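Residue-level structural notes
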Amino acid sequence: SGMLLSVLVILLLSMLYEAIKMGKAVLLQQALLALPRSLSRESLVESEEGNTHPAQGSTSLMGFPIFFHRWFWYHLGQTLFHVVQVVLGYMVMLAVMSYNAWIFLGAIVGSMLGYFV
């Protein structure tokens, strides 16, 4: 019963690892869409000159363009996802390093199911 529970936990951890990996990819895509098409200095200056009132949405109160704040929050989310992914990866690796075939199969099946879902 304890071994079955261990295999189930490793299977779920592997599934969660794959889900977080896919979540990071989706978040990266959203972060790239939040950036303007051109990051050249000229295009940024033109957009700020055309709209100098902060309430109209071009720049924030601190002088940074609005897209920078959106990009920052997406990047922070990606960083947190990365930390969780690394921790889960090391936990699954340590479990597999027990050299137990059932634990190893649980990690493989969990990774497969996590990618499939």
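Residues numbered from 1 in each chain as written. Predicted model: local features only at pLDDT ≥ 70, side-chain atom pairs only at ≥ 80, totals over all residues. Heavy atoms only, no water.

So, on to the overall build of the protein. Each helix and strand counted, the protein has four helices and zero strands in total. For the protein, the sequential pattern of α-helices and β-strands runs α-α-α-α. Counting the 117 residues in the protein, one finds 22% classified as buried. Counting only carbon and sulfur atoms, one obtains 72% of the accessible surface of the protein, whose full area is about 8500 Å². (Helix = DSSP H or I, 4+ residues; strand = E, 2+ residues; numbered from the N terminus. Buried < 20%, exposed > 50% of the residue type's maximum accessible area, 1.4 Å probe, protein only. Areas by Shrake-Rupley, 256 points an atom, 1.4 Å probe, with all protein chains shown as cover.)

Turning to the UniProt feature "transmembrane region" (unreviewed entry) in the protein, a few remarks are in order. This chain's UniProt record puts "transmembrane region" (unreviewed entry) on residues 71-92 and 99-116. In residues 71-92, the share of helix is 100% and the share of strand is 0%. The end C-alpha atoms are 31 Å apart. Between the first and last C-alpha atoms of residues 99-116 the distance is 26 Å; the span itself is 89% helix and 0% strand. (UniProt positions renumbered as here; feature names shortened; annotations may be inferred.)

Those places that UniProt annotates as "signal peptide" (unreviewed entry) correspond, in this numbering, to residues 1-19. Split by type, residues 1-19 is 95% helix and 0% strand. Its first and last C-alpha atoms lie 27 Å apart.

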